[in-house]
Amino acid sequence: MDGYLGVIVIVVLVALIAAGGLFLLFRPGGKAAPPPPPEAPPIPEEREEKPPAEEAEGATTTIPPPAKPAEPMVKAPEVEVPPPSAGRMVRLRSRLAKSQSALGRGLLELLSRDRLDDDVWDEVEEKLITADVGVAPTRAIVEELQTKVKVLGSRSPEEVRGLLREQLLTQINPGLDRTLHVAKHGERPAVVLVVGVNGTGKTTTTGKLARSLVGDGKKVVLGAADTFRAAAADQLQTWGDRVGADVVRGPEGGDPASVAFDAAARGIEEKADVVIVDTAGRLHTKTGLMDELGKVKRVIEKKATVDEVLLVLDATTGQNGMRQAQVFAEVVNITGIALTKLDGTAKGGIVISVQRELGVPVKLVGLGEGPDDLAPFDAEVFVDAILGD
């Protein structure tokens, strides 16, 4: 019995050992899994901002400064469309009448008196001379009036006005050619030279003339040859920009003749109709200025024909303006007069005296400060404005 028990114990032990071996043999993975590795510490992210300077192999790299913000776009000036020059003086007649009608009223009152003795005629003469008509034209007007009055005998106000109108028109001479010669010569533009002393409104007149011609449908190039006055080129540039006219400039204090030549060349290149050159205008007593004007004209003529030489006079300067006119006329061949400030305190008789002295017509008159206040001169409108309706 004890022997059987021993055999049973041995069998049970063998079975247990066999079962354990089978378990180890067939478990998942076939062998024990190794312990998991320890977690690696997270790698810090790189910063986007770098230090101002990094050293690498002994060299230093500097970070460039941040880019400047973009500047706002500058808006190009709007190009204006000026009105045509035709009929301007008629439209501006009221301005002329305000400053000149006192002369007309005074003359009409004197000539309407029942008795015209020597004292009255002396007063008529004095009024005309005070109005800058000039001594010789005044005597001619008075002599003609005396003759006509004697023939008429009694005079109505309408007859007196008609007599005075006739004599003023005779002295102003409406038959003079007041046309601005600005027609092209084939492929070459017409050239207008603007001369005069500083302070007469020369550069402003140049700009207004360009505006007037653009209004008449012409393509204009401006030459800023007044290089001795710092503001002149900038002023002319402003006028040009407003109407889309090219402006040729030179360095401040540079050679005016060179600028004038370049302006003529630009006019040919761009097939412009007219080139207008604003010249220097230092005091007329300086011989250097006069020599310079002659040089400018000669240099332009190497490239194109100078069709007009306009002398700008301030109508308020009276007989001093006459002396200026005579000096300029000796140097360049003046073809026309531009009278500025005729709507102010000017004495309209200068129209008569300057034409008589120079033998050239008044072609343009300035009748205000506005950009379109430069008008072609009309003799009949002028006289009617003086005499009133």
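All of the points below concern the structure found in this document. (Residues numbered from 1 in each chain as written. Predicted model: local features only at pLDDT ≥ 70, side-chain atom pairs only at ≥ 80, totals over all residues. Heavy atoms only, no water.)

1. Examining the environment of glutamine 355
Okay, step 1: Relative to the assigned elements, glutamine 355 resides in helix H12 (residues 350–358).
Okay, step 2: Between the C-alpha atoms of glutamine 355 and glycine 336, which are 19 residues apart in sequence, the distance is 9.0 Å.
Okay, step 3: Other than its neighbours up to four places away in sequence, glutamine 355 contacts Gln171, Ile172, Leu176, Arg178, Val360, Pro361 and Val362. (Helix = DSSP H or I, 4+ residues; strand = E, 2+ residues; numbered from the N terminus. Contact = heavy atoms within 4.5 Å.)

2. Details of the pattern of salt bridges
When their charged atoms lie close together, side chains carrying opposite charge are able to pair.
Okay, step 1: Counted under the stated rule, the structure contains 20 salt bridges.
Okay, step 2: Measuring nitrogen to oxygen at the nearest pair gives 3.5 Å for the salt bridge that ties arginine 113 to glutamate 109.
Okay, step 3: Under the relative-accessibility criterion, arginine 113 is labelled partly exposed at 30%.
Okay, step 4: A residue is classified by how much of its surface remains accessible, and glutamate 109, at 44% relative accessible area, is partly exposed.
Okay, step 5: Across the salt bridge formed by glutamate 301 and lysine 297, the nearest N and O atoms sit 2.9 Å from each other.
Okay, step 6: Classification of lysine 297 by relative accessible area gives buried; the value is 18%. (Salt bridge = Lys/Arg side-chain N within 4 Å of Asp/Glu carboxyl O. Buried < 20%, exposed > 50% of the residue type's maximum accessible area, 1.4 Å probe, protein only.)

3. Re the layout of surface pockets
Okay, step 1: In this model, the largest pocket occupies a volume close to 220 Å³.
Okay, step 2: Thr200, Gly201, Thr204, Thr205, Lys208, Thr340, Lys341, Asp343, Gly366, Gly368, Glu369 and Leu374 together form the lining of the largest pocket.
Okay, step 3: Its residues placed into classes, the lining of the largest pocket shows one nonpolar, seven polar and four charged. (1 Å grid on protein atoms, 1.4 Å probe; cavity = no way out; pocket = protein on both sides within 12 Å on 5 of 7 lines; lining within 4 Å. Points joined across faces, edges and corners; volume = space filled by probe spheres on them. Nonpolar A, V, L, I, M, F, W, Y, C, P; charged D, E, K, R; others polar.)

4. Observations regarding the packing of aromatic side chains
Okay, step 1: Scanning the entire structure with this criterion turns up one aromatic pair.
Okay, step 2: Ring centres 5.4 Å apart and planes at 55° place the aromatic pair phenylalanine 377 and phenylalanine 382 in the tilted group.
Okay, step 3: For phenylalanine 382, a relative accessible area of 1% puts it in the buried group.
Okay, step 4: The positively charged end of arginine 242 is found above the aromatic ring belonging to tryptophan 239, 5.5 Å away from the centroid. (Phe/Tyr/Trp six-rings, centres within 6.5 Å; stacked < 30°, edge-to-face > 60°. Lys NZ or Arg CZ within 6 Å of the ring centre and 35° of its normal.)

5. Some words on the environment of isoleucine 300
Okay, step 1: Relative to the assigned elements, isoleucine 300 resides in helix H10 (residues 287–300).
Okay, step 2: When its relative accessible area of 0% is taken as the criterion, isoleucine 300 is described as buried.
Okay, step 3: As a C-alpha pair, isoleucine 300 and valine 277 span 23 residues in sequence and 9.7 Å in three-dimensional space.
Okay, step 4: Setting aside residues no more than four positions away along its own chain, isoleucine 300 makes contact with Val191, Leu193, Ala260, Val277 and Val306.

6. Focus: the packing of helix H4 (residues 118–130) against helix H5 (residues 135–152)
Okay, step 1: The geometry of H4 relative to H5 is characterised by a closest axis approach of 9 Å and an angle of 145° between their N-to-C directions. At the point where H4 passes H5, the crossing takes the right-handed sense. Residues Trp121, Val124, Glu125, Leu128 and Ile129 of H4 pack against Thr138, Ile141, Val142, Leu145, Gln146 and Val149 of H5.
Okay, step 2: Taken together, the residues of the contact of H4 with H5 break down into eight nonpolar, two polar and one charged. (Axes fitted to C-alpha atoms, helices over the stretch in contact; angles between N-to-C directions. Left-handed = near helix turned anticlockwise from the far one by under 90°.)

7. Considerations on the pairing of strand E3 (residues 190–195)
Okay, step 1: In terms of burial, E3 is a largely internal element, six of the six residues being buried.
Okay, step 2: Because side chains alternate across E3, one face comprises the buried residues Ala190, Val192 and Val194, and the other comprises Val191, Leu193 and Val195, equally buried.
Okay, step 3: Here five bridges tie E3 to strand E6 (residues 274–278), and the two strands are oriented parallel to one another. Note on E6: the bridge partner recorded for leucine 193 is valine 277. (Pairing = 2+ DSSP bridges.)

These figures capture arrangement, not role.
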